Amino acid sequence: MERVLLVGQGPLPAPSTPRVSFPQLRVDGIRRLLLEAGHEVHTVLLGKESTERPREGVSTLDPQSPSLALRVGEILAGFKATRVISAGPFMPARIAALAASERLPLLVDVPGDPFAEAQAKDAQDPESRATLETVALWRPVLARADAFLAISSAQAMALRGQLGLMGRLASAPLTHTWVRVVPVSYDFGALPGAVPQGKEPGTPLRVLLAGGFNTWLDDQTLLEGLHQAMGKLPDMEVRVTGGGIPGHHGATFERFKAGAMGGPFPERFLFHGWVPHAALPSLTQECHVGLWVDRPGLEATLGSRTRALFYTHQGLTVACTPRCEMSRELATMGLVTPLKQGRPDEIARVLVKMGQQGVGAERVEKTQAFLHRRYRSERALAPVLNWVSTAVRLPAHPDVQAQLAEELHRTRGQLDAVHQSPTWRVAGKARRVMGKLSRKKR
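First, a word on what this report is: a plain description of the structure on this page. On a predicted model such as this, the values are computed, not experimentally measured, just so you know.

Focus on the packing of helix α7 (residues 219-232) against helix α13 (residues 344-357)
Link 1 in the chain: Contact geometry for α7 and α13: axes closest at 7 Å, N-to-C directions at 40 degrees. The orientation of α7 with respect to α13, classified from their angle, is oblique. α7 and α13 meet at a crossing whose hand is right-handed. Residues Thr221, Leu222, Glu224, Gly225, Leu226, Gln228, Ala229 and Lys232 of α7 touch α13, and the partners they reach there are Pro344, Asp345, Ile347, Ala348, Leu351 and Val352.
Link 2 in the chain: Across the contact of α7 with α13, the residue classes break down as eight nonpolar, three polar and three charged.

What follows is the structure in structure tokens.
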């Protein structure tokens, strides 16, 4: 058994946790899997202290602390870790890479392509500098980790390409597994699932929008489609849980909320904000359909959608733009209702049909059964256990740019030495004399 230091974003999901999204679910799932497998685990959570009773083997640290990396290093040394894993995106990966130093094997979770996410953010705000900040954060992480987790097979290929561009592939045997695919888990901790209730024809339709309004969400198409549907379904309501993502992106949610409150049906939008896990069932299980609409760009192609699993877990029919691997798979199997990108009229058409003809529970039941088989936690996260048992520390990664700069400097020095040599000076004089003789002959 190994001693694993796990770094992720907190707090861990619990009934009173005020905001739970993918990063918290990711670290919680990996933590429980490691413990169930018999490994000793110390979990470092970046964020605020939970109101729940402190858990054994869990430390919560302020991500803004200037001594954060030093504190994590002290925890690692005191725990005598033999493996280091980061879970979830952004800062946990950077802190785990610093804590592991050059000694311990390091597995870094890269759930969704960070550069595609930066592209989506910069497309909305060209002054955000998201791409520059992403390169600065991820370049040293990509240079240090011994293996990686990706959220989809498409993202795994992109990640291998990034490692190749950095010159890392040659630093390991050809058989080395650089990237393991670990999809979103059909696991929401203590949050109970729901039996699909369906909706009878002609009864009021209630639509759920849940989770973070991230950079990839096409809020304008979504809002216009909802307004068109509301115009034809006078008793339709939209319930919103979640919203802006603190410290990452808030503009999409603020724009959507302003449009909803300033539109023709403000009283039919109910904004609940981020609510504790314990309060979710009373909100979600009164709804019938969960929606999302992707913007153009690479983020959806390389990423995934936790809310596909969440909506199904809560007994809802799913309607979405099927652009990530998971939603395409579900759409191909007829388990979700596909929407066309950039087409608010298609959103309205689908919702009006559901409002008038009803929503059956049978498809949701099939979707729940499929997701439980395909994406249950022990299956989705199994590659993490495989890495823990087979982890190796690769040789220190040479900085390719530094190597090229050194070679250029050395070549220039050699060239300068040639130009200053007696042979070069004599040859130069000979060339000048031959040039004069040639001109005289002409």
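From this point, things continue past the structure.
A closer look at the sheet that holds strand β5 (residues 106-110)
By definition, the strands of a sheet pair up through backbone hydrogen bonds, in either a parallel or an antiparallel sense.
Link 1 in the chain: The strand order across the open sheet formed by seven strands is β3-β2-β1-β4-β5-β6-β7, and the pairing between neighbours is parallel. In this open sheet, the two strands that pair with only one neighbour each are β3 (58-61) and β7 (179-181). The sheet shows a mean angle of 20 degrees between the axes of neighbouring strands, direction not considered.
Link 2 in the chain: In terms of strand pairing, strand β4 (residues 83-86) meets β5 through three bridges, oriented parallel.

Things to note about empty space enclosed by the protein
Link 1 in the chain: Tallied over the full model, the rule gives three cavities of 30 Å³ or more.
Link 2 in the chain: Volume-wise, the largest cavity comes out at about 110 Å³.
Link 3 in the chain: Lining the largest cavity are Phe22, Leu25, Arg26, Asp28, Gly29, Arg32, Val184, Ser185, Asp187, Thr306 and Leu381.
Link 4 in the chain: Broken down by element, the lining of the largest cavity gets its largest block of residues, six residues, from helix α1 (residues 22-36).
Link 5 in the chain: Along the lines of polarity and charge, the residues of the lining of the largest cavity split into four nonpolar, three polar and four charged.
Link 6 in the chain: Lining the second largest cavity we find Leu209, Ala210, Phe213, Leu217, Leu222, Leu291, Trp292, Arg307 and Tyr311.
Link 7 in the chain: Among the elements of the structure, β8 (206-212), β11 (289-292) and α11 (306-313) are those that each provide at least two residues to the lining of the second largest cavity.
Link 8 in the chain: Per-class residue counts for the lining of the second largest cavity are eight nonpolar, no polar and one charged.

Let's talk about unusual backbone geometry
Link 1 in the chain: Residues Gly10 and Pro11 are joined by a peptide bond in cis, for which omega reads 0 degrees.
Link 2 in the chain: Note on placement: Pro11 falls in the loop between β1 (3-9) and α1.
Link 3 in the chain: One non-glycine residue, Ser101, lies in positive phi territory at about 50 degrees.
Link 4 in the chain: Note on placement: Ser101 falls in the loop between α3 (91-100) and β5.
Link 5 in the chain: Even without being a glycine, Arg129 presents a positive backbone phi close to 60 degrees.
Link 6 in the chain: Take Arg129: it is sitting in the loop between α4 (114-124) and α5 (130-144).

Parameters at a glance
Residues numbered from 1 in each chain as written. Predicted model: local features only at pLDDT ≥ 70, side-chain atom pairs only at ≥ 80, totals over all residues. Heavy atoms only, no water. Axes fitted to C-alpha atoms, helices over the stretch in contact; angles between N-to-C directions. Helix = DSSP H or I, 4+ residues; strand = E, 2+ residues; numbered from the N terminus. Parallel < 35°, antiparallel > 145°, perpendicular 65-115°, else oblique. Left-handed = near helix turned anticlockwise from the far one by under 90°. Contact = heavy atoms within 4.5 Å. Nonpolar A, V, L, I, M, F, W, Y, C, P; charged D, E, K, R; others polar. Pairing = 2+ DSSP bridges. 1 Å grid on protein atoms, 1.4 Å probe; cavity = no way out; pocket = protein on both sides within 12 Å on 5 of 7 lines; lining within 4 Å. Points joined across faces, edges and corners; volume = space filled by probe spheres on them.

Scope: geometric values only; no functional claims are made or implied.
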